[in-house]
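What follows is each chain in one-letter form.
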Amino acid sequence: MATVDSSNRSCDSSFLHRGNRMSFKLFVMFILLLFTVEKGFSDDDHEMEEFLKREYSLSKPYQGVGSSSSSHWELMGDAMVTTDYIRLTPDSQSRQGAVWSRIPCNLKDWEMQVHFKIHGQGKKNLNGDGLAIWFTKERMQKGPVFGNMDNFTGLGVFVDTYPNEEKHIEAQKKRYTPRTQRIFPFVLAMVGNGSISYNHERDGRPTELGGCNAMVRNLKHDSFLFIRYIRRRLTVMIDIDGQHEWRDCLDIPGVRLPQGYYFGATAITGDLSDNHDIISLKLYQLTVIRSRKEEEEEEEEEITIPSVDNLDLLRLGQNEEGMSGIAIFFAVLFSLLGCIFLVVIGLVVYSHWNESRRKRFY
Ligand SMILES: *[C@@H]1O[C@H](CO)[C@@H](O)[C@H](O)[C@H]1NC(C)=O
Ligand SMILES: *[C@@H]1O[C@H](CO)[C@@H](O)[C@H](O)[C@H]1NC(C)=O
């Protein structure tokens, strides 16, 4: 089966640091040494190198951003630039802001490191609504999905700081077992194909690929989000504990994203608010050595519409946890009834056949 194990997809309950751990300090040292980081490490036995792509990256001092039309990045809405960060929204009601890359990205394999900060006056659950990182066909569109349009085409990774569904605690209790109820802020990923709507009332659960909780508000230390797309595998990790360690958030194979889309970051506030700040977006090109076979396979089927393989299985796996005892009981009951029915039919047919055969003998 092509799905990953559920502990990998959702780390609600697992705070274990495992897999792709990376020493951040070492990494920062590398950046200081070189403008272009060149790093070799292996991933699934494949050698890989990464290069910082300055044209898709956004970092201090944000030269020309928001003022010059030759800048690689463009601001929208309430976003503003300071010397230390790009503030997508201030801590006040009903704002939305965005920063979008002007250059479509044609890299096959890439990695985005997002340095961000979400902070505000609001106490527990009195803040909102969150920010999103995008790799989409569309750019510079306003809308309800964390400040971007609905029915977007491409990838969205959301840092959702406000639980809409949990407002209705009773509904939530009916729908989810304690195990599948989640704690906010929550990080999740979604792939849209232009006609899939984000369900705001249910915090995107019907369309999510996976996610994890992440206490990202009002932290004293820096917070980072890591999005890697390599050989059609989407991996999201977070570093929010100030330990310079990546924690797994989701890892999904078979994610098909076309090339030539735009990177962006957006945020929105409603009745409740927060400052949503982007300190940097660093985009690395990953140079992956592919086998001839892999290359041919990828050339054969050029991706034009984003999609995710085996989405049904993925969903099934997620819903399994939430499947109530009653649902399982009925599923088993009906399968049993079906079997009994088939056996009875078989017996009837057989006895008829037997009888007519006996008749022929007489
Ligand atoms: C988008 O995805 C939905 C749900 O998987 C599917 O029904 C629809 O046909 C897809 N649209 C396109 C244009 O592929
Ligand atoms: C998004 O797509 C859905 C289903 O295709 C459609 O019903 C809805 O009107 C669309 N919304 C927008 C804002 O385009």
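Given the structure is predicted, the values throughout are model-derived calculations rather than measurements.

So, how was this worked out
- Counting from 1, residues in each chain are numbered in the order their sequence is written.
- Each chain is given a letter, starting from A, and each ligand a number, starting from 1, according to the order in which they appear as written.
- Local features are withheld for residues below a pLDDT of 70 in this predicted model, meaning they are given only at 70 or higher, and side-chain atom pairs are given and counted only at 80 or more; totals for whole chains, interfaces and linings count all residues.
- Per the convention used, a helix needs a DSSP run of H or I reaching at least four residues, while a strand needs a run of E reaching at least two, with both numbered from the N terminus.
- Counting other C-beta atoms within 10 Å of each residue's C-beta, where C-beta atoms are placed from the backbone, gives the exposure class: buried for 20 or more, exposed for 12 or fewer, partly exposed between.
- Throughout, a residue-residue contact means that the two C-beta atoms, derived from backbone geometry, are no farther apart than 7 Å.
- Contact assignment follows one rule, namely that a residue is near a molecule or strand if its backbone-placed C-beta atom lies within 6 Å of it.
- Gly is put with the polar residues, along with every residue not named as nonpolar or charged; the nonpolar set is Ala, Val, Leu, Ile, Met, Phe, Trp, Tyr, Cys and Pro, and the charged set is Asp, Glu, Lys and Arg.
- Paired strands, in this sense, are two strands between which DSSP finds at least two bridges.
- Here an axis means a line fitted to C-alpha atoms, over the contact stretch when the element is a helix, while the angle between two N-to-C directions is reported on a 0 to 180 degree scale.
- What pLDDT conveys is the predictor's confidence in a given residue, as a value from 0 to 100.
- As used throughout, a nonpolar core is a set of buried Ala, Val, Leu, Ile, Met, Phe, Trp, Tyr and Cys residues joined through C-beta atoms within 7 Å of each other.

Caption draft 1: View of the overall build of the protein chain. Of the regular secondary structure elements, the protein chain holds six helices and 18 strands. Counting the 362 residues in the protein chain, one finds 35% classified as buried. Counting only contacts in the protein chain whose residues sit at least 6 apart along the sequence, the fraction spanning at least 24 positions is 71%.

Caption draft 2: Highlighting the site of ligand 2. Residues in contact with ligand 2, as listed here, are D150, N151, S195 and S197. Of the residues in the shell around ligand 2, the class split is no nonpolar, three polar and one charged.

Caption draft 3: Examining the sheet that holds strand β3 (residues 73–77) more closely. The sheet built from seven strands is open, its strands ordered β3-β6-β16-β8-β9-β10-β11 with antiparallel pairing. Edge positions in the sheet fall to β3 and β11 (210–213), since each of these pairs with one other strand and no more. Mean inter-strand twist for the sheet, computed between neighbouring axes without regard to direction, equals 15°. Judged from the seven bridges that link them, strand β8 (residues 130–136) and strand β9 (residues 153–160) form a sheet pairing that is antiparallel. Residue A132 lies in a different strand from β9, and its bridge partner there is F158.

Caption draft 4: Molecular detail of the confidence of the model for the protein chain. Looking at the protein chain, the pLDDT average stands at 83 and 80% of residues meet or exceed 70. A low-confidence stretch, residues 1–22 (pLDDT under 50), is modelled with 40 contacts involving residues beyond four sequence positions or located in other chains. Predicted confidence is poor over residues 27–45, with pLDDT under 50, and the contacts of this stretch with residues over four places away or in other chains come to 20 contacts.

Caption draft 5: How the structure looks around the site of ligand 1. The environment of ligand 1 is formed by N193, G194, S195, I196 and I305. Of the residues that constitute the shell around ligand 1, the class distribution is two nonpolar, three polar and no charged.

Caption draft 6: Summary view of the nonpolar core. In terms of nonpolar packing, the biggest core is built from 72 residues, with V99, V157, V187 and V236 touching the most fellow members. When residues of this core are assigned to their parent elements, the largest contribution, six residues, is made by strand β10 (residues 186–193). Those residues within four positions of V99 in sequence are excluded, and the remaining contacts are L58, W73, L75, A79, I86, L88, G264, A265 and I278.

Caption draft 7: Just the environment of L131, in detail. Structurally, L131 is set in strand β8. Other than its neighbours up to four places away in sequence, L131 contacts L88, F116, I118, F146, V159, A265, T266, A267 and H276.

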